[in-house]
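# Architecture and fold: a report
Take a look at the letters that make up each chain.
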Amino acid sequence: MKNTALTSKISENLLLKKSMSGFTLIELMVTIGIFSVITSVVLTNYRGFIVNANFSNASESVVIALREAQVYGVGTKKSAVVCGTSNFTCAFGVHIDTTDRNSFTVFADVNDNKIYDAPGEKVETVNFPLGTSIQSLSCAPIVCSARLDVTFKRPNPDAFIADTALQGVSYDSATIGLTNGIRNSTITISTAGQMSLQ
């Protein structure tokens, strides 16, 4: 009798240990299914997140370049070349040309004509991320051409907004439209030197 009780206790302990010793196939399949669903949702949204982040960065890079040109032009940024009597008196600006919709140029206006026209004026070219491009340029009160140059020069923080059509005349404001095919943004620059991104 002792032997039977001992045997039944041993087999009861073995069954208990066996049932508690791991995952069943069903539990494993449910876990893998939940993980797969969560992963597919995250990966689907990740691509959209990257596209939106790149577009936001491109829009902000135009505003940042305009601000840098304003700071360099109003401040005492030393240019690599002499402008007028000193290399501290250069106007700095941003050049946007719709014939190249995928980039814009930051420049130092060496010859002080308020437009980007000499190869030696280029400070840097900024390329947009793949898929982002300039959609439109507009000026007020008159329509501007396919080129737009915004310059800033000491001691005035105001913007000089020009194109090749009306050299020497500043527009009141300019609007740059960017797109990535899904989203659009608008950057507005006024002659007072104010910029807005919408």
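Shown above is the structure to which this text applies.
Throughout what follows, the structure given in this document is the object of discussion. (Residues numbered from 1 in each chain as written. Predicted model: local features only at pLDDT ≥ 70, side-chain atom pairs only at ≥ 80, totals over all residues. Heavy atoms only, no water.)

## Side note on the overall build of the protein
Within the protein, the secondary structure is distributed over two helices and nine strands. Along the protein, helices and strands appear, N-terminal first, in the series α-α-β-β-β-β-β-β-β-β-β. By the burial criterion, 33% of the 198 residues in the protein qualify as buried. Looking at the protein alone, contacts between residues at least 24 apart form 56% of all its contacts between residues at least 6 apart. Accessible area of the protein: about 12100 Å², with a carbon and sulfur share of 62%. (Helix = DSSP H or I, 4+ residues; strand = E, 2+ residues; numbered from the N terminus. Buried < 20%, exposed > 50% of the residue type's maximum accessible area, 1.4 Å probe, protein only. Contact = heavy atoms within 4.5 Å. Areas by Shrake-Rupley, 256 points an atom, 1.4 Å probe, with all protein chains shown as cover.)

## Looking at the sheet that holds strand S3 (residues 122-127)
The sheet built from five strands is open, its strands ordered S3-S2-S1-S5-S6 with antiparallel pairing. The sheet terminates laterally at S3 and strand S6 (156-162), the two strands that pair on one side only. The mean angle between the axes of side-by-side strands here comes to 20 degrees, regardless of whether they run parallel or antiparallel. In this sheet, S6 lies alongside strand S5 (residues 147-153) in antiparallel orientation, the contact comprising four bridges. Counterpart to threonine 151 in the pairing with S6 is phenylalanine 160. Lying over the sheet, helix H2 (residues 25-74) contacts strand S1 (91-97), strand S2 (103-109), S3, S5 and S6, oriented at roughly 155 degrees with respect to S1. (Pairing = 2+ DSSP bridges. Axes fitted to C-alpha atoms, helices over the stretch in contact; angles between N-to-C directions.)

## Notes on the packing of aromatic side chains
Applying the stated rule across the entire model yields three aromatic pairs. Centroid distance tyrosine 72 to phenylalanine 92: 5.6 Å. Interplanar angle 70 degrees. Geometry classified as edge-to-face. Within this pair, whereas tyrosine 72 is found in helix H2, its partner phenylalanine 92 is found in strand S1, the two being separated by 20 residues in sequence. According to the relative accessible area criterion, tyrosine 72 is partly exposed, its value standing at 26%. Given the relative accessible area of 3%, phenylalanine 92 is considered buried. Here the aromatic rings of phenylalanine 104 and phenylalanine 128 are separated by 5.7 Å at their centres, their planes lie at 45 degrees, and the arrangement is tilted. Linking phenylalanine 104 in strand S2 with phenylalanine 128 in the loop between S3 and strand S4 (133-140), this pair joins segments that are 24 residues apart in sequence. Residue phenylalanine 104 shares its accessibility class with phenylalanine 128, and that shared class is buried. When the ring centre of phenylalanine 160 is taken as origin, the NZ or CZ atom of lysine 114, which lies over that ring, is 5.2 Å away. (Phe/Tyr/Trp six-rings, centres within 6.5 Å; stacked < 30°, edge-to-face > 60°. Lys NZ or Arg CZ within 6 Å of the ring centre and 35° of its normal.)

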